[in-house]
Amino acid sequence: MFNLLKWLNRARHSKGFGVHSPFAFSFITETLRQPKGYAYYEEKNLNKRWRWLMRAIMRLGDNHIATLGNLPSACGEVLAMLTTKCATQVTPITTPEEFQNYISTSTRPLIVVGETLTPEAVSCIRSFSHANGAMVFVTPTHRKIVENLSAMIFQAPDKMIAVSDCGLPCQTFTLNF
């Protein structure tokens, strides 16, 4: 019975019901839940997980994206597609100094976090809560790290996005798609 109620709550949030933050509502309904892809991008070859990633990058990022950790090959395809279509520059980050430099020079930092992380990368993620920007996690394996961030978190069974902004409340939305 408890699992059924949990599923119903996720289904409600997935359609925007019960979401009181205007940013979260528009992000869920206009970006993540959009039934068809953006008109200018060829999403039809991507599965739902990578469409979600691409849409989140298009909504949250500027023309400069940083990557942290090892990314799956399909994620690399999405970033390559964005590079060719939108002149997006993708920079891999390996050290905390590169991370701090990227945070300080970007107007709205967007970081795509891979599957495996080094201890230095984990410390970078923990220091991210002081910046305004977004982190997109390609797998939900880093939930414990994300829960400590001062961010609005959108999570699904196979993906997660943390948006850190001083104007947004710290909330978690569990989505069912």
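The structure this text deals with has already been given above.
## Here's the deal with the packing of aromatic side chains
Then step 1. Following the criterion strictly, the structure yields four aromatic pairs and no others.
Then step 2. Judged by centre distance (4.8 Å) and plane angle (45°), the rings of Phe-27 and Phe-154 are tilted. Taken together, the residues span a long stretch of sequence, with Phe-27 in helix α2 (residues 22-32) and Phe-154 in strand β5 (residues 152-156) at a distance of 127 residues.
Then step 3. The class of Phe-154 is buried, set by a relative accessible area of 0%.
Then step 4. Consider the rings of Phe-154 and Phe-173, whose centres lie 5.5 Å apart with planes at 20°: the pair is stacked. Here Phe-154 is found in strand β5, whereas its partner Phe-173 is found in strand β7 (residues 172-174), with 19 residues between them in sequence.
Then step 5. According to the relative accessible area criterion, Phe-173 is buried, its value standing at 5%.
Then step 6. Grouping aromatic residues by their ring pairs yields a cluster made of Phe-23, Phe-27, Phe-154 and Phe-173.

## Considerations on the sheet that holds strand β1 (residues 64-68)
What holds strands together in a sheet is hydrogen bonding between their backbones, with the strands either parallel or antiparallel.
Then step 1. Taken together, the seven strands give an open sheet; going across it, the order is β2-β1-β3-β4-β6-β5-β7, and neighbouring strands pair in mixed fashion. Unpaired on one side and paired on the other, β2 (89-93) and β7 mark the two borders of the sheet. Direction aside, the axes of adjacent strands within the sheet are offset by 20° on average.

## Observations concerning the pairing of strand β4 (residues 133-137)
Then step 1. For β4, the tally of buried residues reaches five of five residues, placing the bulk of the element in the interior.
Then step 2. Side chains of β4 alternate between two faces, with Gly-133, Met-135 and Phe-137 and Ala-134 and Val-136 buried alike.
Then step 3. Two elements, strand β3 (residues 110-113) and β4, share four bridges in a ladder whose sense is parallel. Pairing of Val-112 across the sheet is with Val-136, part of β4.

Rules behind the numbers
- Sequence order as written defines residue numbering, which begins from 1 separately in each chain.
- Given that this is a predicted model, residues contribute local features only at a pLDDT of at least 70 and side-chain atom pairs are listed and counted only at 80 or more, while totals for whole chains, interfaces and linings are drawn from all residues.
- The basis for the side-chain values is all heavy atoms of the structure; hydrogens and waters are excluded.
- We call Phe, Tyr and Trp rings a pair once their centres come within 6.5 Å, taking the six-membered ring for Trp, and we label the pair stacked below 30 degrees between planes, edge-to-face above 60, and tilted otherwise.
- To qualify as a helix, a DSSP run of H or I must reach at least 4 residues; to qualify as a strand, a run of E must reach at least 2; elements of each kind are numbered from the N terminus.
- Here the term buried applies to any residue with accessible area under 20% of the maximum for its type, exposed to any over 50%, and partly exposed to those in between, with areas from a 1.4 Å probe on protein chains only.
- We treat two strands as partners when DSSP finds at least two bridges between them.
- The angle between two axes is taken between their N-to-C directions and runs from 0 to 180 degrees, where each axis is a line fitted to C-alpha atoms and a helix contributes only its stretch in contact.

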